[in-house]
Amino acid sequence: MTQVDITSKTMDGMGPHGTKVGLLRVLGPAHVWALGVGIVLVGEYMGWNFAVGKGGAYAALIACWFAGILYTCVAMIDSEVTSTVAAAGGQYTQAKHIVGPLMAFNVGLYLTFAYTMLEAANAITAGYLIYVVAGMTGYTGELDQRPFIVLVIMFLAWLNYRGVLATLTFNLVITAIAFVAILAIFLSTSGLLGGGIMQHAALMEGHELPYGWIGVLAAMHFGLWYYLGIEGTTQAAEEVRSPARALPFGTLAGIMTLLIAATLTWYVCSGVLPWEFLGDGVNGSVAPLFDTARLSGSNALIWFLGFGTLFATLASANGCINDASRAWFAMGRDKYLPGWFGAVHPKFRTPYRSIIFLVPIALIFALGAPLDQVITFSILSGLLEYTFMPLNIILFRKKWPMGSIKRGYEHPFHPLPAIVLLCLCGIAFFAVFLGYGTQLVAMVGFYILVSLWFHFWRYRFVNRGAQFTMPWPKPQGY
Amino acid sequence: METWNYMEYLAWGLSALFGLYMVIDWFKIDSHYSEEVLTSSREGELEAMTEEHHR
């Protein structure tokens with residue numbers, strides 16, 4: 001693959017099949033890392049601590065590691081399939097090639113909903129952070145958060161509109177700063193550099209598992225928050241210079257970064273904040289890492305973690321706009337949605353109509369819906385997507401066995417990761433059902449309705465032959 | 001009026017500017033290029049180019 005000069009001025013985006021304007025292939029593994037980790041890292045700064053409220057600090061650690069196994073399976077499976085199906089749309093495109101149109105349509109919607117709602121949740125959070133900063137600087141009035149929520153969405157949409165390289169380079173810088181902030185607070189408070197302030201034994205004695213093992217199960221719901229969104233790396237598939245190298249490298253480096261960040265976050269916060277305060281993400285610790293920095297007594301750490309929180313929030317919203325627009329664009333290009341959405345900007349080489357179309361939707365959710373509901377719908381859409389992945393990889397290996405098609409990465413121990421992922425998804429569904437059963441049923445009902453609409457109406461517009469333009473061998477058995 | 005009140009107005013103003021930029025550019029592009037060119041993107045370009053290169 002590397003023998004082709006894809007950066008050539010005459011060939012780039014102007015290849016066969018009649019493409020006159022295509023997405024720009026300019027990204028490297030670091031951008032893929034920044035996309036995946038950037039979407040997720042806000043979950044380390046806030047949100048994961050609801051798991052502590054569900055089952056105590058140890059339950060949150062168990063959930064952190066089990067969710068870590070779930071997402072490691074997701075990252076491995078994604079790396080193999082996406083390094084082969086290197087096209088915008090990520091899991092939607094995988095489903096289209098490997099499972100079938102109805103699955104693809106559903107997966108495309110899961111992706112768009114999960115990322116657009118997460119973007120809205122991040123914008124709400126950014127507005128709240130600015131409100132807190134105003135209070136800390138001595139402002140006594142009631143700050144209107146709405147202009148800052150709108151500004152976050154409009155600025156990041158504009159950045160995405162102008163080009164993917166600037167967008168993800170911006171993400172790389174702010175995500176790296178947010179990650180280094182976590183390392184800095186760990187090194188400063190754990191006792192490795194200077195005096196430590198950790199009080200694990202004193203804080204946890206007698207509160208090991210306050211709600212027993214059912215609390216551990218319930219904590220799994222928010223355990224997902226440590227890693228939710230790492231699968232978004234696949235959306236960069238059509239814009240990386242070398243998909244076979246950059247996608248597995250960026251995705252696997254991303255999940256390793258998150259496993260480290262999640263464990264350090266738990267260690268630092270649970271060693272300083274009492275579990276009752278830490279577990280109440282509404283009236284207690286909204287941003288646990290920032291609260292830990294405040295208790296450290298270091299002004300430098302307070303500022304560093306304050307910026308880390310804001311940067312992580314912006315990086316997540318930025319990555320979500322990138323991913324939601326690519327999924328929407330890919331569906332438009334295949335006529336699963338109106339083909340109008342499949343347009344590429346001739347100068348900036350971005351899916352500009354999809355980016356613009358999703359702006360008002362994000363604004364409606366950010367300004368009109370409560371944060372916990374928005375997050376829950378995002379988690380549920382993500383969970384449905386993870387449940388599809390085991391089926392996807394099993395069919396992929398069956399239809400295109402090893403050696404029949406060139407893979408950039410081959411994940412080990414197949415089918416064990418698929419089976420483990422399926423089991424952990426089942427546990428996570430039960431955990432979500434314990435807390436948000438109504439939303440779960442409503443969400444599944446919604447996807448059943450849109451599936452019926454797609455099957456009986458929309459599918460007639462899909463250009464069935466033209467949607468498969470990859471030069472692949474025929475699958476086995478066809 | 002305090003600084004933060006001005007910041008609110010500034011945020012509204014910047015949001016409007018970013019929005020306007022995108023909408024104006026969108027109309028300019030749609031009126032300058034044909035729909036056939038704008039929607040000509042197909043997946044698998046890199047793979048197809050590689051195939052041609054090795055042929």
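So, how was this worked out
- Residues numbered from 1 in each chain as written.
- Chains lettered and ligands numbered in written order.
- Predicted model: local features only at pLDDT ≥ 70, side-chain atom pairs only at ≥ 80, totals over all residues.
- Helix = DSSP H or I, 4+ residues; strand = E, 2+ residues; numbered from the N terminus.
- Buried ≥ 20, exposed ≤ 12 C-beta atoms within 10 Å, placed from the backbone.
- Contact = placed C-beta atoms within 7 Å.
- Axes fitted to C-alpha atoms, helices over the stretch in contact; angles between N-to-C directions.
- Parallel < 35°, antiparallel > 145°, perpendicular 65-115°, else oblique.
- Left-handed = near helix turned anticlockwise from the far one by under 90°.
- Nonpolar A, V, L, I, M, F, W, Y, C, P; charged D, E, K, R; others polar.
- Core = buried A, V, L, I, M, F, W, Y, C linked by C-beta atoms within 7 Å.
- Expected span 1.5 Å × (residues − 1).

A. Layout of the overall build of chain A. From N to C terminus, chain A includes 17 helices and zero strands. Principal axes of the C-alpha set define a box for chain A whose edges measure 65 × 45 × 45 Å. Within chain A, buried positions represent 58% of all 478 residues. A separation threshold of at least 6 residues defines the contact pool for chain A, and within that pool the share at least 24 residues apart is 82%.

B. Summary view of the overall build of chain B. Across its full length, chain B holds three helices and zero strands. Beginning at the N terminus, the succession of helices and strands in chain B can be written as α-α-α. The 55 residues of chain B split such that 29% are buried.

C. Summary view of the packing of helix H1 (residues 29–40) of chain A against helix H14 (residues 299–333) of chain A. Residue and element names in this part refer to chain A. Taken N-terminus to C-terminus, the directions of H1 and H14 make an angle of 120 degrees; their axes are 7 Å apart at the nearest point. The angle between H1 and H14 falls in the class oblique. Where H1 crosses over H14, the handedness of that crossing is left-handed. Along its contact with H1, which presents Leu35, Gly38 and Ile39, the element H14 presents Ala315, Ser316, Asn318, Gly319, Cys320 and Asn322. Split by residue class, the contact of H1 with H14 holds four nonpolar, five polar and no charged.

D. Structural context of the environment of glycine 437 of chain A. Residues and elements named next belong to chain A. Summarising the element assignment, glycine 437 is placed in helix H17 (residues 416–456). What makes glycine 437 exposed here is the crowd of 10 C-beta atoms within 10 Å. Once the C-alpha coordinates of glycine 437 and glycine 100 are considered, the two residues, 337 residues apart in sequence, prove to be 29 Å apart.

E. A look at the packing of helix H6 (residues 101–136) of chain A against H14 of chain A. Residues and elements named next belong to chain A. Where H6 meets H14, the axes come as close as 8 Å, and the angle between the chain directions of the two elements is 155 degrees. The angle between H6 and H14 places the two elements in the roughly antiparallel class. For the element pair H6 and H14, the recorded crossing hand is left-handed. Among the residues forming the contact of H6 with H14, the class breakdown is 15 nonpolar, eight polar and two charged.

F. Region of the structure containing unusual backbone geometry. Residues and elements named next belong to chain A. That bond from histidine 414 to proline 415 is cis: its omega, 10 degrees, falls within 30 degrees of zero. In this fold, proline 415 is placed in the loop between helix H16 (371–399) and H17. Of note, the phi angle at lysine 335 is positive, near 70 degrees, even though the residue is not glycine. Structurally, lysine 335 is set in the loop between H14 and helix H15 (352–368). Overall, lysine 335 belongs to the partly exposed group, with 19 C-beta atoms counted inside 10 Å. Unlike most non-glycine residues, phenylalanine 413 shows phi in positive territory, near 65 degrees. Position of phenylalanine 413 among the secondary structure elements: in the loop between H16 and H17. Look at phenylalanine 413 and you get exposed, because 11 C-beta atoms sit within 10 Å.

G. The environment of glycine 28 of chain A, seen in detail. All names here are of chain A. When you line up the elements, glycine 28 lands in the segment before H1. The class of glycine 28 is partly exposed, set by 19 C-beta atoms lying within 10 Å. Between the alpha carbons of glycine 28 and glycine 195 there is a distance of 40 Å; along the sequence they are 167 residues apart.

H. Spatial organisation of the nonpolar core. Residue and element names in this part refer to chain A. Judged by nonpolar contacts, the single largest core of 176 residues is most densely connected at Ala63 and Ile153. Per element, the largest residue contribution to this core is 20 residues, and it comes from H6. Setting aside residues up to four positions removed in sequence, alanine 63 forms contacts with Ala51, Val216, Ala219, Met220, Phe222 and Gly223.

I. Broad picture of helix H7 (residues 146–162) of chain A. Here H7 of chain A spans 24 Å end to end across 17 residues, near enough to the 24 Å set by a 1.5 Å rise per residue. Directly beyond the C-terminal end of H7 of chain A, a positive phi value near 150 degrees is found at glycine 163 of chain A.

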